[in-house]
Amino acid sequence: MEHVFLQVDVHFQGMFARNPIHYTGGITQRFSDIDFAGMDKDGCVAFIERFIGEKCEKLYYCQPDINFPKGLTLICNDPDYYDFIAIAYECGVILPMYVDHFRNSNIHEWLDEHKYEFVGNIEEEVLDGAGLVKNYFNKIYICFASVKEGWRGGCRSIINLDGCFLKRFCQGELLYAVGRDANNRIFPIAWAVVCVENKENWKWFIETLSEDFQCWNDGQGLVLISDQHKVVKEVYLAAKHRQCARHIYANFRKRFSGAKFQNLFWKASKATTEAHFNVVMKEIGKLNLEAVVHLMDRDPKTWSLAFFRVHNSCQSVENGFSESFNNVLLDARKKPIISILEDILIYVMQRMVTMKLTGQGWNRYSVCRNIRILLNMLQNEQRHWQVISCGWMKFEARKMDEAFIVHVEKKGMQLQGMET
């Protein structure tokens, strides 16, 4: 005789919440070809943990003749599990099982506190074909108060925005904002999990970030590096927006490939003066005028160092910090949502503590290590420059065929009659 398998809906990756009691933020997987009757309690838990890739602290099922959450029954041992099997065969219905990933939650205490309050409550509710309410995860934004204080007190006014896909169980997108600390190192600011990467979710994330950091001056003095140019401009009207030069080049080389175009593009993106930028663009024009038109249409003020404001103290033309944060999360992105958020939490905490201990080992008035390395490099380079005083706080700096007029009071310089 053919063996009849139970049909079980396993709810996992979510959590039990109260006021009112409900299971939120989870995923449901139906099993109709697994021999649950051939397992004991520990075998069932082990199977579920292997499938979801996450620890199962407690396992519940809901009795078919009692509504949720009154019908929730904890499977503590083998007799409880065999009762679950017997009820499933006797009733012939699809029984729901709920995985509790948190050790300290006590559903029965919550039920005693709210004997007359049993209504499901989730932000997004959808009716399925049978008229039953199914709850779906929508999105979540996370930023810690200590991180906000650290960014305001000791980081550069630069935010890198980027996103990456979630893999395996979770089909969604992780959006995140990353800053730079005083040592020019990565400083995770905020992150969010959304169902899909689109303009609406990006706008929600950036608006939430703006409100969280109380950027009421339309982002005045702030620099954002991302590919979401239109969305950033809608939220931060006064902020400066930069595009990632690596992404600009990725599109550029689809039409204009070759080592010459590659070298000239990066020379243009890292040119320190507008005059130098124009010289490089002329060289590109000699190879192909359409290449110049293509790059100028991408607004060089957002991807070339020649047009960046000096006081922002950041020479980066790429969104490399976001890519670094993405690489840290490669393994975490394969896990369920709760595990992803836990891994990010642990990474941020450990990084903040490590950076704090490193900074405490420095002299109070010393320059940060990475900045000191940069200053030493500039000190070595300045040996090749000749500085001639012109009077009235003006100087001319010369090196081989290059010459600059430096205005100390204006904090600017001139090359070939073009001011920068």
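Located above this text is the structure these notes cover.
Residues numbered from 1 in each chain as written. Predicted model: local features only at pLDDT ≥ 70, side-chain atom pairs only at ≥ 80, totals over all residues. Heavy atoms only, no water.

1. A closer look at the overall build of the chain
Definition in use: Only runs of H or I of at least four residues qualify as helices and only runs of E of at least two qualify as strands under DSSP, and these elements are numbered from the N terminus. The cut-offs for exposure are 20% and 50% of the maximum accessible area for each residue type, with area from a 1.4 Å probe on protein chains only; residues under the lower value are buried, those over the upper are exposed, and the others partly exposed. We call two residues in contact when some of their heavy atoms are within 4.5 Å. Per-residue accessibility takes into account occlusion by the displayed protein chains alone, with areas from the Shrake-Rupley method and a 1.4 Å probe.
Across its full length, the chain carries 13 helices and 20 strands. In the chain, buried positions account for 41% of the 420 residues. Contacts in the chain between residues far apart in sequence, at least 24 positions, make up 59% of those at least 6 positions apart. With the model as given, the accessible surface of the chain reaches about 23,900 Å², and the carbon-plus-sulfur share is 52%.

2. Remarks on the environment of Phe-325
With respect to the helices and strands, the residue Phe-325 is situated in helix H11 (residues 320-328). A relative accessible area of 1% places Phe-325 in the buried class. For the pair Phe-325 and Val-178, spaced 147 residues apart in sequence, the C-alpha to C-alpha distance is 7.8 Å. Leave out the neighbours within four places in its chain, and Phe-325 touches Tyr-176, Val-178, Ile-186, Pro-188, Ile-344 and Tyr-347.

3. Here we look at the environment of Gly-219
With respect to the secondary-structure elements, Gly-219 resides in the loop between helix H5 (199-212) and strand S14 (223-225). Considered as a pair, Gly-219 and Lys-233 are 14 residues apart in the sequence and their alpha carbons are 9.7 Å apart. Setting aside its immediate chain neighbours within four residues, Gly-219 contacts Tyr-236, Ala-238 and Ala-239.

4. A closer look at the state of the cysteines
This is how the line gets drawn: Any two cysteine sulfur atoms lying within 2.5 Å of each other are counted as a disulfide.
Scanning the entire structure with this criterion turns up 0 disulfides. Cys-44 supplies the cysteine sulfur nearest to Cys-56, a cysteine that is in no disulfide, at a spacing of 8.0 Å.

5. Focus on the sheet that holds strand S11 (residues 155-165)
The cut-off we apply is this: Strands are labelled as partners when DSSP assigns at least two bridges between them. Throughout, an axis means a line fitted to C-alpha atoms (over the contacting stretch in the case of helices), and angles, computed between N-to-C directions, take values from 0 to 180 degrees.
One open sheet accounts for 6 strands, arranged S10-S13-S12-S11-S14-S15; its pairing is mixed. Each edge of the open sheet carries a strand with a single partner, namely strand S10 (139-142) and strand S15 (240-242). Within this sheet the neighbouring strands show an average axis-to-axis angle of 20 degrees, counted without direction. Across 3 bridges, the pairing between S14 and S15 is parallel. Directly across from Leu-224, in S15, lies its bridge partner His-241. The sheet contacts of H11 involve S11, strand S12 (173-181) and strand S13 (186-194), and relative to S12 the element is tilted by about 125 degrees.

6. Examining the packing of aromatic side chains
The line we're drawing: What counts as a ring pair is set by centres within 6.5 Å for rings of Phe, Tyr and Trp (its six-membered ring), and what kind of pair is set by the plane angle: stacked under 30 degrees, edge-to-face over 60, tilted for all other angles. Geometrically, a lysine NZ or arginine CZ counts as sitting over a ring once it is within 6 Å of the ring centre and also within 35 degrees of the ring normal.
Following the criterion strictly, the structure yields 24 aromatic pairs and no others. Ring centres of Phe-31 and Phe-36 lie 6.2 Å apart, and the angle between their planes is 75 degrees; this geometry places the pair in the edge-to-face category. With a relative accessible area of 7%, Phe-31 lands in the buried category. Both rings, one in Phe-36 and one in Phe-47, keep their centres 6.0 Å apart while their planes meet at 85 degrees; by these two values the pair is edge-to-face. In this pair, Phe-36 sits in the loop between strand S4 (27-31) and helix H1 (41-52) while Phe-47 sits in helix H1, placing the two residues 11 residues apart along the sequence. Each of the two residues, Phe-36 as well as Phe-47, counts as buried. Each residue in the set Tyr-249, Phe-252, Phe-256, Phe-261, Phe-265, Trp-266, Phe-277, Trp-303 and Phe-307 is aromatic and connected to the rest through ring pairs, giving one cluster. The ring of Phe-308 has Arg-242 lying over it, and the distance from NZ or CZ to the ring centre is 3.8 Å.

7. What about the pairing of strand S5 (residues 58-62)?
Of all the 5 residues making up S5, 4 are buried; the element is thus mostly covered by neighbouring parts of the structure. As defined by bridge partners, S5 adjoins strand S7 (residues 95-100) across 4 bridges and the pair is classed as antiparallel. When the bridges of S7 are listed, Tyr-61 appears paired with Met-97. Inspection of the sheet shows S5 paired to strand S6 (residues 72-74) by 3 bridges, in the antiparallel sense. Bridge pairing in S6 links Tyr-61 to Thr-73.

8. What about the packing of helix H7 (residues 245-255) against helix H10 (residues 289-297)?
A pair of packed helices is characterised by two quantities: the angle between their axes and the separation of those axes. Rules: Convention used here: angles under 35 degrees read as roughly parallel, angles over 145 as roughly antiparallel, angles from 65 to 115 as roughly perpendicular, and any remaining angle as oblique. The crossing is said to be left-handed when, going from far helix to near helix, the turn is anticlockwise and less than a right angle, and right-handed when the turn is clockwise. Amino acids outside the nonpolar list (Ala, Val, Leu, Ile, Met, Phe, Trp, Tyr, Cys, Pro) and the charged list (Asp, Glu, Lys, Arg) are all regarded as polar, and Gly is one of them.
It is the contact of H7 with H10, at a shortest axis distance of 11 Å, that shows an interaxial angle of 155 degrees. Relative to H10, the element H7 is oriented roughly antiparallel. The element H7 and its partner H10 pack so that their crossing is right-handed. For the pair formed by H7 and H10, the contact residues are Ile-248, Asn-251, Phe-252 and Arg-255 on the first element and Glu-290, Ala-291, His-294 and Leu-295 on the second. For the contact of H7 with H10, the class distribution of residues is 4 nonpolar, 2 polar and 2 charged.

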